[in-house]
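Breakdown of the fold
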Amino acid sequence: MAEVLRPEMLDISNDTSSLASPELLHVLAVDDSMVDRKFIERLLRVSSCKVTVVDSATRALQYLGLDGENSSVGFEDLKINLIMTDYSMPGMTGYELLKKIKESSAFREIPVVIMSSENILPRIDRCLEEGAEDFLLKPVKLADVKRLRDSLMKAEERAFKNMMHKRELEANDIYSQLKRAKI
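Every value quoted in this text rests on a predicted model; they were computed, and no experiment measured them.

**As for the overall build of the chain**
For the chain, the helix and strand inventory stands at 5 helices and 5 strands. Taken from N to C terminus, the helices and strands of the chain fall in the order β-α-β-α-β-α-β-α-β-α. Burial statistics for the chain: of 183 residues in total, 38% are counted as buried. Here the analysis covers contacts within the chain between residues at least 6 apart in sequence; of these, 66% occur between residues at least 24 apart. Just so you have it, the chain exposes about 11000 Å², and 51% of that area is on carbon and sulfur atoms.

**A look at helix α5 (residues 142–181)**
The terminal C-alpha atoms of α5, which comprises 40 residues, lie 58 Å apart, in line with the 58 Å expected from a rise of 1.5 Å per residue. Those residues of α5 that sit buried are D144, V145, L148, R149, L152, M153, M164 and A171. Looking one or two residues past α5, K182 carries a phi angle of roughly 55°, positive in sign.

How each quantity is defined
Residues numbered from 1 in each chain as written. Predicted model: local features only at pLDDT ≥ 70, side-chain atom pairs only at ≥ 80, totals over all residues. Heavy atoms only, no water. Helix = DSSP H or I, 4+ residues; strand = E, 2+ residues; numbered from the N terminus. Buried < 20%, exposed > 50% of the residue type's maximum accessible area, 1.4 Å probe, protein only. Contact = heavy atoms within 4.5 Å. Areas by Shrake-Rupley, 256 points an atom, 1.4 Å probe, with all protein chains shown as cover. Expected span 1.5 Å × (residues − 1).

See the structure below:
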């Protein structure tokens, strides 16, 4: 006869310490300026984030596998927690990149932050209305990055806790069903 595991015996941990550790946050940084790319990369690394940098919105789409061709990384291995992109880039703007990401079922939930050295209110409003998490004026400050990282970690932790709660409810339901069936 099979042993029935009670929910409390199942390995359902509520420990989110590994999830909330900053080194797990992976940021895709997109900027056509090498100086700005290096600067944002340094700020993110100082804030204990893993960083992937690309020099255009087109390269970002290729990296994410949204260009209609092969991505540079296997989709199952791709875990991006945040995308930070410059607004003004040749070829495709950060706004156009934002729209493509938000149209994607695979990536629409990833927060996108737009950066710009131009403080143009209609542009800022349009990006926020399209789903940008935030709009930062360049030069981006360490305090901006830390604030984004902290809010992102809290959101990730909430999502993890919700998932664990759902699993616990499912385990309780299975246990109840098995108990009723007297297995």
